[in-house]
Amino acid sequence: MAVQFLSMKYYITTPIYYVNDKPHVGSAYTTIAADVLARYHKQQGHDVHFLTGTAEHGSKIAGSAKAAGQSPKAFVDKNVKFFKKAWEALGISYDDFIRTTEKRHEDAVNLFFDKLYKTGKLYEGEYEGLYCVGHEAFIKEEDLDDQGNCPDHGKPPEKIKESNWFFRLSDYGELLRDKITSGALKISPEIRRNEVLSLIEQGLEDIAISRRTAKFALPLPWDKEQTIYVWLDELFNYCSAIGYGKDKKKFKRYWPADVHIIGKDILKFHCVIWPALLDAIGEELPKQVFAHGHFTIDGQKISKTLGNVVDPVDLVADYGADAIRYFLLRDIPFGNDGDFSHTRLKDRYNADLANGLGNLVSRTLNMIQQYAPDQDYQANNKILPREVKSTLKLVDNYIEKLEFHHALAVIWSVVKTADNTIEETKPWQLMKGGKEDRAQKVLAELFQILLAVNKQIAPFLPDTHAKLDQLLSARPIKKPSDPLFARKA
Ligand code: ME8
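All figures in this text were calculated on a predicted structure; none of them were measured in a lab. (Residues numbered from 1 in each chain as written. Predicted model: local features only at pLDDT ≥ 70, side-chain atom pairs only at ≥ 80, totals over all residues. Heavy atoms only, no water.)

Draft legend 1. Molecular detail of the pairing of strand E11 (residues 223-228). As judged from the two bridges shared by strand E9 (residues 210-211) and E11, these two strands associate in the antiparallel manner. Residue pairing across strands places Arg 211 opposite Thr 227, the latter belonging to E11. Relative to E11, strand E10 (residues 219-220) runs antiparallel, the two being bridged by two bridges. Along E11, the bridge assignment pairs Pro 219 with Thr 227. Counting the residues that bridge the hairpin from E10 to E11 gives two residues. (Pairing = 2+ DSSP bridges. Helix = DSSP H or I, 4+ residues; strand = E, 2+ residues; numbered from the N terminus.)

Draft legend 2. Seen up close, the site of the ligand. Taken together, 22 residues sit near the ligand, with Ile 16, Tyr 18, Thr 30, Glu 234 and Asp 265 positioned nearest. Between the ligand and the protein, one listed contact pairs an oxygen atom with a side-chain N or O atom of Thr 30 at 2.7 Å. Between an oxygen atom of the ligand and a side-chain N or O atom of Asp 265, the distance comes to 2.8 Å. For the ligand, the accessible surface in isolation is 680 Å², of which the surrounding protein chains cover 89%. Elements represented by at least two residues in the shell around the ligand include exactly strand E1 (9-18), helix H1 (25-43), helix H7 (230-235) and helix H8 (237-240). Partitioning the shell around the ligand into residue classes produces eleven nonpolar, nine polar and two charged. (Near = heavy atom within 4 Å. Polar contact = N/O pair within 3.5 Å; in protein donor to acceptor, adjacent residues only side chain to side chain. Areas by Shrake-Rupley, 256 points an atom, 1.4 Å probe, with all protein chains shown as cover. Nonpolar A, V, L, I, M, F, W, Y, C, P; charged D, E, K, R; others polar.)

Draft legend 3. Spatial organisation of the layout of surface pockets. Empty space within the second largest pocket amounts to approximately 450 Å³. In terms of lining residues, the second largest pocket is bounded by 17 residues, among which Leu 384, Leu 392, Ala 452, Lys 455 and Gln 456 are the most central. Residue composition of the lining of the second largest pocket, by class: seven nonpolar, six polar and four charged. (1 Å grid on protein atoms, 1.4 Å probe; cavity = no way out; pocket = protein on both sides within 12 Å on 5 of 7 lines; lining within 4 Å. Points joined across faces, edges and corners; volume = space filled by probe spheres on them.)

Draft legend 4. Seen up close, the packing of aromatic side chains. Counted under the stated rule, the structure contains 33 aromatic pairs. On the numbers, 3.8 Å between centres and 5 degrees between planes, the contact of Trp 231 with Phe 269 is stacked. With Trp 231 in helix H7 and Phe 269 in helix H10 (residues 267-280), this residue pair connects regions lying 38 residues apart in the sequence. Here the aromatic rings of Tyr 244 and Phe 251 are separated by 5.5 Å at their centres, their planes lie at 75 degrees, and the arrangement is edge-to-face. In this structure Phe 251 comes out as buried when scored by relative accessible area, which is 11%. Clustering of aromatic rings is evident, with ring pairs tying together Tyr 11, Phe 112, Phe 113, Phe 236, Tyr 238, Tyr 244, Phe 251, Tyr 254, Trp 255 and Trp 274. For the cation-ring pair, Lys 22 lies above Phe 82, with the distance from its terminal atom to the ring centre recorded as 5.0 Å. Note that Lys 488 overlies the ring of Tyr 349, its terminal NZ or CZ placed 5.5 Å from the centroid. (Phe/Tyr/Trp six-rings, centres within 6.5 Å; stacked < 30°, edge-to-face > 60°. Buried < 20%, exposed > 50% of the residue type's maximum accessible area, 1.4 Å probe, protein only. Lys NZ or Arg CZ within 6 Å of the ring centre and 35° of its normal.)

Draft legend 5. Looking closely at the sheet that holds E10. Taken in spatial order, the three strands make up an open sheet running E9-E11-E10, and their pairing is antiparallel. If you trace the sheet from one side to the other, it starts and ends with E9 and E10, each paired once.

Draft legend 6. Structural view of the packing of helix H11 (residues 312-319) against helix H12 (residues 321-331). Put simply, H11 and H12 touch, their axes get as near as 7 Å, and they point 115 degrees apart. What the angle tells us is that H11 and H12 run roughly perpendicular. Between H11 and H12, the contacting residues are Leu 315, Val 316 and Tyr 319 on the first element and Ala 321, Ala 323 and Ile 324 on the second. (Axes fitted to C-alpha atoms, helices over the stretch in contact; angles between N-to-C directions. Parallel < 35°, antiparallel > 145°, perpendicular 65-115°, else oblique. Contact = heavy atoms within 4.5 Å.)

Draft legend 7. Structural view of the pairing of strand E3 (residues 96-99). The two faces of E3 match: Asp 96 and Ile 98 on one face and Phe 97 and Arg 99 on the other face are all buried. The sheet contact formed by strand E2 (residues 47-55) and E3 spans four bridges and is parallel. Residue pairing across strands places Thr 54 opposite Arg 99, the latter belonging to E3.

Set out below in structure tokens:
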């Protein structure tokens, strides 16, 4: 009987983004990082399920649709296309794209709420508070700016007093603390883990899980006067997309998620509320949540009013997808806050890609075409210099820790080593001086370095990887007809 071995599964998610607008470079950042991890695990032979999608319910969407003079459904159907187009332009290899207005999601959310209702963890109560539609969340008075506006959205919150259903989040402090400190729920980086632990230490308050006045939201199954609080609807996408209540086999295969990649703004939702809800309905908690930092654009907060919103599709048109993927992950240490600078994008593009990797490829292949067309260029681990081998070994470790900037720095240090080898050995002089064997050896070594580098860049720069793969497997070897990265003036 044939024995079937199932490869290790790896379920990775991004936040599902609000479709009230086009995607911007912030949502692109999270999605690129998740894509790199997904591609890396696919390269390792794992059974990867990479999910992204869009959040399409709630007052924020309804308000933006109204302002655009469209029905919410027509509005989200139009805007979701911008996300799909942007992810295609950036080479995002998602396996599934979930929209919260899909029937498969709505059905699963109904089931989830039925289950939640039966847990006895819900009760009816009065809520009075300040609601920020931009965040789709209540905001504390002390967090408003001097003008009484939400500091992130520049608008005053709505004063809301209504009777809602509540979830006893306050019961979960101890359980969450245990899960986090034991490592069963890993929160990275450390600073975010401490932030969550300190939130728990301060004491958790119960949360409203329904709204009476929200527009374009799903009705609560047992109380049609109320709608489901959009954040709970959204969080459940991670389960609905893999067949919760419908496809038991698929759900069992992929749940719990191996990692939710998010921005630090939605930490509490993912590290406190979401695990507590999952525990309440008897599901396992995600294994890891990684919350990266936020970045500004040329030193300023990303804002429509300032007009500095960067469309990732425009960036791809100017630089190509790989350059944007490289820049975002190389320039901003994943996990830290940072700044997206147009000047640094151009500088890094020229230095690391055009003059760095691109130049190394054309110089090396040009010399091989001229001086060593008859070499046998199979992948040969023995020819690869030992120090290159040991340096490149660090890359896997960095990717697994989501330290993408370190992984890329290591790969580019090898590009530099290869450049130095060319400068120091000057194969053209060796040829002229009758040291052909020595020159052939250097070129064979450089070729092996290119092969090794090309393997490592695959998750980060998929288009470049494919082009370089073609160049390195062509026989006879020829220099590229176009540079991999044309220099920007
Ligand atoms: O919060 N820098 O959706 P959203 C880096 N629907 N990343 C940024 C960023 C910046 N300046 N701005 C945004 C929502 N992001 C919810 C999510 S999940 C169940 C529901 C990224 O469209 C970052 O990943 O507001 C952040 O967490 C996400 O966009 C917020 O996306």
